[in-house]
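The residues making up each chain are set out below.
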Amino acid sequence: MDQAKLRIDKWLWQARFFKTRSLSAKQVSGGHVRLNGNRVLKPAQAVVPGDVLTFPQGKIIRVVRVEKLGDRRGPAPEAQTLYFDMTEKKDIPPKNPSYEGKGRPTKKERRALDLSRTSNGPTS
């Protein structure tokens, strides 16, 4: 029996990893996608359920296993059933922490700071 196959660029687009199919094809042809550990350069490369894909998305490297092939690019809950996410979860610290007095003061804190400076100054 012949197993069902789907183009890798089309599957990445249907699973909503990329906004357009041409963007997913560009990632594949640029050599940024790996299929079962091997670099893929052709967007027409076929994927089947059980394959593992590794590719960059934003600042993280995504590792997903193909669970099933889609018929269309449906809503996000439907797209999430197409794969199992094996990406390691990392706690990303905030870029500008405002806890423990670090970081920039908020507008409210800055006003309070300005008021405390003017009320303690010398009077004429």
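The structure under discussion appears in the preceding block.
Residues numbered from 1 in each chain as written. Predicted model: local features only at pLDDT ≥ 70, side-chain atom pairs only at ≥ 80, totals over all residues. Heavy atoms only, no water.

A. Representation of the sheet that holds strand β6 (residues 60–66) within the structure. Pairing is antiparallel in the open sheet, where five strands are placed in the order β3-β2-β5-β6-β7. Each of the sheet's edge strands pairs with one partner strand only, and the pair in question is β3 (38–40) and β7 (83–85). The sheet shows a mean angle of 35° between the axes of neighbouring strands, direction not considered. Pairing of strand β5 (residues 52–57) with β6, which is carried by six bridges, proceeds in the antiparallel orientation. Across the sheet, Thr 54 pairs through a bridge with Val 63, a residue of β6. (Pairing = 2+ DSSP bridges. Helix = DSSP H or I, 4+ residues; strand = E, 2+ residues; numbered from the N terminus. Axes fitted to C-alpha atoms, helices over the stretch in contact; angles between N-to-C directions.)

B. Representation of helix α2 (residues 21–29) within the structure. Of all the residues in α2, the buried ones are Ser 24, Ala 25, Gln 27 and Val 28. One side of α2 holds all its buried residues, which, seen down the axis, span an arc of 160°. When the buried face of α2 is taken as reference, the exposed residues oriented beyond 90 degrees from it are Ser 22 and Lys 26. Of the surrounding secondary structure, the elements contacted by the buried residues of α2 are α1 (8–14), β2 (33–35), β3 and β5. (Buried < 20%, exposed > 50% of the residue type's maximum accessible area, 1.4 Å probe, protein only. Arc of directions from axis to C-beta. Contact = heavy atoms within 4.5 Å.)

C. View of the nonpolar core. Ranked by internal contacts, the top residues of the largest apolar core, which has 18 residues, are Trp 11, Leu 12, Phe 17, Leu 53 and Phe 55. Secondary structure elements with two or more residues in this core: α1, β2, β5 and β6. The biggest single contributor to this core is α1, with three residues. (Core = buried A, V, L, I, M, F, W, Y, C linked by side-chain atoms within 4.5 Å.)

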